[in-house]
Amino acid sequence: MSGGGAPVALAIIVAAADNDVIGRDNQLLWRLRTDMRRFRSLTMGHPVLMGRKTFESIGKPLAGRETIVLTRGGGELPPDIVRASSLDEALALGREAARRLGVGRLMVAGGAQVYAECLPLADEILLTRVHAAPAGDAVFPAINPEIFAEASREAHPAGAEDEHAFTFINYKRKRERSPGAPTVENR
């Protein structure tokens, strides 16, 4: 696998409650149609990396997106899903797919363990902050303000299609990584 070519940004896309909960029993805890449309818009045409449990919760391949599932187990996956058995393999496959598709981002769509492993490598975080505090068993890791700076913010009220108020917050990595630190390009 070639490591050359244009840089590919690693973008985490996540919806997390005010208490950082992202799910319970492998399910989302809210209904936000506006956020689902945003997710579709931001990920369309991009490779999307997710863990096996997240893929199982979705239940099908994402139309218009190359899906890479990180799984350490066997088990069947649909033929149009790309399997990766390690994070390094998933990043390499995602980087190759982004270049082949002519896009500059590899999107990371969960779950909690995949987010935790990818956060130190991420170039940006596309967060939907859901203004609720449900109990859950999956949590998004804390965003370090010394590493990530808020780039934009857009508040939305609860409504007919959105059962909670929420805010889209985009973060960008503040500074370059120190020499030798892992990146999506050299892992």
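What counts, and where the lines are drawn
- Within each chain, residues carry numbers counting from 1 in the order of the written sequence.
- Owing to the predicted nature of the model, reporting of local features is limited to residues with pLDDT of at least 70; listing and counting of side-chain atom pairs is limited to 80 or more, with chain, interface and lining totals taken over all residues.
- For the side-chain quantities, the full set of heavy atoms in the structure was used; hydrogens and water were omitted.
- UniProt positions are given in the numbering used here, feature names are shortened, and annotations may be inferred rather than shown by experiment.
- Secondary structure follows DSSP: runs of H or I at least 4 residues long count as helices, runs of E at least 2 residues long count as strands, and numbering of each begins at the N terminus.
- Restricting the calculation to C-alpha atoms gives the radius of gyration, and the globule rule supplies 2.2 Å times the number of residues raised to the power 0.38.
- With a 1.4 Å probe rolled over the protein chains alone, any residue whose accessible area is under 20% of its type maximum counts as buried; one over 50% counts as exposed, and the rest are partly exposed.
- For this analysis, residues touch if any pair of their heavy atoms sits within 4.5 Å.
- Positive charges are assigned to Lys and Arg, negative charges to Asp and Glu, while His and the chain termini are left out of the count.
- Charged groups are reduced to one reference atom each: NZ for lysine, CZ for arginine, CG for aspartic acid, CD for glutamic acid.

Within an unreviewed UniProt entry, the label attached to the protein reads Dihydrofolate reductase, and the organism entered is Chelatococcus daeguensis. According to UniProt, the comment filed for the protein under the heading Sequence similarities (unreviewed entry) is "Belongs to the dihydrofolate reductase family."

## Re the overall build of the protein
From N to C terminus, the protein includes 4 helices and 10 strands. Along its sequence from the N terminus, the protein presents helices and strands in the succession β-β-α-β-α-β-β-α-β-α-β-β-β-β. Taking 2.2 N^0.38 as the reference for a compact globule, 187 residues should give roughly 16 Å; the C-alpha atoms of the protein span a radius of gyration of 16 Å, in line with that estimate. Summarising its shape, the C-alpha atoms of the protein cover approximately 45 × 40 × 30 Å along the three principal directions. Within the protein, the fraction of its 187 residues that count as buried is 46%. Across the protein, contacts joining residues at least 24 apart in sequence account for 67% of those joining residues at least 6 apart. Looking at charge distribution, the protein has the averaged site of its 24 positive side-chain charges lying 2 Å from that of its 23 negative ones.

## Topic: the UniProt feature "domain: DHFR" (unreviewed entry) in the protein
As annotated in UniProt, the feature "domain: DHFR" (unreviewed entry) corresponds to residues 9-173 in the numbering used here. With 24% helix and 33% strand, the stretch residues 9-173 has end C-alpha atoms that lie 11 Å from each other.

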